[in-house]
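Each chain, written out:
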Amino acid sequence: MNQYRRFRQVTLAVVLLSIAVYCVAAGDVGLALIALPGAAGAWWFRTRSVAARVPRLMLNLALLAAILYIAMLTLRRGIVLDRVAELMAILSVIKCFDRTSARDYVELYILSVFLVIATVMTSVRLEVGLILIVYVPVLVVGVMQLQIYAAHERALIASRRRAPPWARPLRPKRAVGHGVSVQFRATATALVLSGVTVAIAVFVLIPREIGENFLHTAAGSPRGMRTSFTGEIQLGRAGLLTESLTPVLHVAVSNDAGENLGGPAIVYYLRGNVLGSYDAATGAWTRRQDSGPARSWRVQADAWHQLTGATGQLLRQEITLLGAGDQQTYVFNVYRTARIRFDRTVILDSRSDERIVIPDHRGELKYEVESFIQAPRAEEDGRLREVSFPSLVVRTLTESVLAPAQIPTAGDQRDRLTDRQAVIAIRDFLHTQFTYTTDIQAPPTGQDPIEWFLEDHREGHCEYFASAMAAMCRSIGIEARIVTGYVAMEWNETSGQYVVRERNAHAWVEVRDRSGVYRTYDPTPPDDLRAVHEPQRGLRARLRSLMDAMEHLWVSRVVTFDSGMRDTLMQDGGGFESTLFKSARALVGRTQLAGLSLLVQAVFVGTLVCLVVIAVGIFVRAVVAKRARRRRPGAGAAGAESSPDAPWLERTDFYDRLLRLFTARGCPKPMHRPPLTHVDLIKDANPDLAGGAERLVSLFYRARFGRRPISADEHRAAIRLVSRLEPGADIEPYVREVARS
Amino acid sequence: MTSPALSKRVKLARQYHFVSGGVLYVAVTTLLMLGALNSQNNLLFAALGIAMAGLVVSGVLSGAALLGVRVERVSVSDAGVGRPMTIRYTVRNVNRVVPAFALIVEEVHTKSSTWNRHLSQPRAFVAHVGPGQEVECEAVVWPSTRGTPVFDAVRVWSSFPFGIAKKSVTQRTRWDRTVVRPLVLPMRDALLQRPSGSTEAGLRSSRRPGSGDEFFGLREFVPGDQLRHIAWRATARTGKVLVTQSASPVPDRLWVILRLDASSEFRASNERAIALAASIASRAGRDATMVGLEAPLVGLSIPPGAGCRAVDRLLDALGRLSPSATVGGSGSVVSTAVGPRDNAIVVHAGEVDSAFGPRHARHISSDEIEQWVSDKDTIQLLEQLAGGQPAATRPVVLARRFEAWAAALLTGNQERVA
């Protein structure tokens, strides 16, 4: 039976897929390089021969060592789900060396399933989803085969019970019906299809936002894509800016008419954190402590929350955040937020600098922001502050920059216009006189990184440029602050959205004018900025673009699926609005019980889904069976070979028809009974049938065992005869025809 | 041996059984639900959906498949303690759409069945039965005690497709009965030697002419007779050509007489005595001795017969024998069929009572059975039981295992046997 031979291969595939899905989710290349070849090698080693099995003691020692290793890591770094998953991956590899009893296979499958569950709990990435789409059908097939394997083993064990010690193992006859492979495939297909359908129904119908965080964060939050964006800037550290192409945000920008305002040539700055305080000793930019009183709101899911009352041209930003930092989630937006809506209930924190965060949240998040383009950034307190930058180097350099344009450096000698001219002069100075690089070198110990950048090194990345501009502005009394966030520059035509990647993290400057309004300036050389952030071209970029579109679909339709989307699906139905749904809702309306609504809808949709599943199952089975029949002409219950290997069996389909006729006439031929014996047995009860059948069986025997092909005339005669084998019919002429031919 | 069908009933009793796999599955599903609700992680909701879908489709498929399965017991082979017994079944799937996979067919113990006293639960495996198809399967069991097991009902169960629940359908089928013969051990040659002091035993002459050595009589010469058979003196005396005719050879006759005890205290001794009797009978049958059986306690008397059939008949009788079913009286009267020239061995359950049985009989206690087991023949028996092939394990090890196994059987220690 082919299923037995394939069972081991399928089991290995299940193990490898589960390890792979974890390694992909955790980004653990090392484990992948060790565990995947290790499991495959162990499997090969185990199945090579019985003598090659590893002693049980060694396996137990290996298990103990793995558990101790993970326990040590847990003690050192705390209880993390990743450790448990890692342990399961290692145990899977060790178990691959173990015996091949059904119990061992069951343990392997359990480990595999637990590993996948642990992975799902820690990652919602598209790659994980894609591997799971492959994993689930393979798992289903493997578990089905496991049941056959285990049942066979149980029967074997029973046949050896109370056997004398010298008795050789007896293998009872293994009963297998005809067409097992085809029917197994059909059953597996039907199971997978119906299972997926029911799973989708459950996924859609199960109520959300019930019991959220009732276990607190015991299991941790899912790990999405890690963002390169951090809340603070730390200058003076050596290293390299990330070149990671991992997407972190999907951004769609539209106006109030719903027109998409995005495009390949349009760039948006997504504002994240605001940093106004600089420590020259450490080179760190942090948030100003006096940036107004903290405000906090609880925003219900799918409800608009008004932040400001500004009016003007509306800009709607639909942002899907694929991952966030460890402690809190920054709410990115393009313009000043007028109102905001989230896909789940969140707590918002904000101050007058309009940095918006969601504390104690990780993972994906989907929200919409409505801004007004004309509305500038809000004033913090309406008063101009005395600002300065305590560096003579910066002050001297700024004076030298402004001197050619004859812009006074003293604040009281400038007005609003000259302030703006000074800022632009500084920005242009940085654009033209400095070099952008992603290769970061550390400044000499004890030297202010900004002074080192401006005076000595003259090379740096966006944080150096933004820091330098903010410092130079402050040195002449113009209030400036650094903003960190992302640059949305990569336009995806397929999804109609911007894809923002880790490498698109950026820092720029906001300068406050004399009216108290903060205006945005980017001191990073525009060509370099474009070179760094512009999307790549070529085939790989196109493929990546396709993956991004898929990822967007995955995130927006699966990962961030919520009750709002379910209601949309159920009511508007994505074009699935039907009278049936209307009737169901009317029924619910009559009950006047709001709580019953979901239940009735669930039962209704569940019934509908079940009917669809049954219909699909019957259809699939019919198609598979028909295809199988086409592939195997003449392969009847006698187990004849297929035609490519046995050309003499062509034109033996009359025998299949004869077998069906036996069944239809109430005398089905058992598998074990030879056809001629069967004909003899039914001779008394069905003499008319037996007479013709004997002739047909003889013809079939000639082809089957004599390997003499049936001619077209013989085939025609046989078909005519088999179609005339009815009670009372005169078949004698047809019998003679077959005999003659 | 299969008795004719006493009743043919097809009654289905469908049952669901909880198994550890199902409990684990439900526990994992519950954890998934808690995890999904707590974290609102949609992939966990999807996993939960898949887990719940597994429950639903598994229940629907397995239930539909099992309800269409019909099982019939075809035959029950002859059996003996320490020898495999085969029970054959026919499994038919009357369902037109759903195939059945991974079926286990097993006997069910009911009020009217007795197989569980003699053998472990027979189990047959069916990998697949397609819609409208019929397959044959078989269960092999090793009986551990002699007797007449009765089979009444079968259960077919499966945990396909996911092993979440074990579904079973129990059917009352044809009523079958067979005989499990007693344990037959290889006996030493010395056991069958004539008892010392007995002069008459074994000296029997035939009453029919044949090709033996002993003289039978004279008859007239007919063409074809060999010249060396001509009795010259008699020919000269009578004037007719006469030839000497030999008597046909007659095998030795051996009576195995069982002295059993009806009280329950002697149950183990009775069983050992029966095993010893069966072993003696089998050994004697192999030496072409005519063997008869006498068990006065239960009123059993089988005259000596030659050949395999006679031995089988005798072993069957020993298999059916029930020491508790006494015929009354002391059971000490031995049949007069035991002639003075017949060999006789009295097997006593427990202590030897020399007054029991014929005067010239040899007396053996059931407690001596181990002494009479042949070391030499043990290996040969093992190989014979292993299918005529050399045993896989070393003979010495095998012999030790054999001794332990036989001792366990003889003492009725079923746990050791299992």
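Further up the page is the structure itself.
Residues numbered from 1 in each chain as written. Chains lettered and ligands numbered in written order. Predicted model: local features only at pLDDT ≥ 70, side-chain atom pairs only at ≥ 80, totals over all residues. Heavy atoms only, no water.

1. Some remarks on helix α4 (residues 267-286) of chain B
Spacing of three or four residues puts side chains on the same side of an α-helix, whose turn is 3.6 residues.
Then, in step 1: With 20 residues, α4(B) ought to run about 28 Å at 1.5 Å a step, and its terminal C-alpha atoms sit 29 Å apart, in line with that.
Then, in step 2: Looking one or two residues past α4(B), B:A288 carries a phi angle of roughly 65°, positive in sign. (Helix = DSSP H or I, 4+ residues; strand = E, 2+ residues; numbered from the N terminus. Expected span 1.5 Å × (residues − 1).)

2. Topic: the nonpolar core
Note that soluble globular proteins tend to have their nonpolar side chains buried in a common cluster.
Then, in step 1: Core analysis: the largest hydrophobic core is formed by 160 residues, its most contacted members being B:V91, B:L258 and B:L318.
Then, in step 2: Ranked by the residues each element gives to this core, the list is headed by helix α6 (residues 126-160) of chain A, at 16 residues.
Then, in step 3: Ignoring anything within four residues of it in the chain, the contact list for B:L258 reads B:A273, B:I274, B:A277, B:L293, B:E294, B:A295, B:P296, B:L318, B:L321, B:V347 and B:F356.
Then, in step 4: One finds A:L275, A:F389, A:W452 and A:A480 within the second-largest nonpolar core, a separate group that totals 42 residues. (Core = buried A, V, L, I, M, F, W, Y, C linked by side-chain atoms within 4.5 Å. Buried < 20%, exposed > 50% of the residue type's maximum accessible area, 1.4 Å probe, protein only. Contact = heavy atoms within 4.5 Å.)

3. Digging into the pattern of salt bridges
All names here are of chain A.
Then, in step 1: Taken as a whole, this structure holds 34 salt bridges over all chains when the rule is applied.
Then, in step 2: For D104, the salt bridge is made with K95, and the minimal N-O distance between the two is 3.0 Å.
Then, in step 3: The exposure class assigned to K95 is buried, which follows from its relative accessible area of 8%.
Then, in step 4: Taken together, the salt bridges that share partners define one network made up of K95, R103, D104 and E107. (Salt bridge = Lys/Arg side-chain N within 4 Å of Asp/Glu carboxyl O.)

4. Topic: the sheet that holds strand β6 (residues 277-279) of chain A
All names here are of chain A.
Then, in step 1: Ordered by their spatial adjacency, three strands build an open sheet running β2-β7-β6, and the pairing between neighbours is antiparallel. Across the chains shown, the open sheet's two edge strands, defined by having one partner strand only, are β2 (233-234) and β6.
Then, in step 2: In this sheet, strand β7 (residues 284-286) lies alongside β2 in antiparallel orientation, the contact comprising two bridges. Note that in β7 the partner of I233 across the bridge is W285.
Then, in step 3: Along the sheet, helix α11 (residues 462-475) contacts β2, β6 and β7; its crossing angle with β7, the most-contacted strand, is approximately 75°. (Pairing = 2+ DSSP bridges. Axes fitted to C-alpha atoms, helices over the stretch in contact; angles between N-to-C directions.)

5. Focus on the sheet that holds strand β4 (residues 247-255) of chain A
Residue and element names in this part refer to chain A.
Then, in step 1: Spatially, seven strands are ordered β9-β12-β15-β10-β4-β21-β20 in an open sheet, and the strand pairing comes out antiparallel. At either margin of the open sheet sits one strand with a lone partner, and together these are β9 (305-306) and β20 (491-492).
Then, in step 2: Across two bridges, β9 lies against strand β12 (residues 337-342) in antiparallel orientation. If you follow Q306 over to β12, its bridge partner there is R339.
Then, in step 3: Together, β4, β10 (314-321), β15 (365-372), β20 and β21 (497-501) form the strand contacts of helix α13 (residues 539-559), whose direction differs from that of β4 by roughly 80°.

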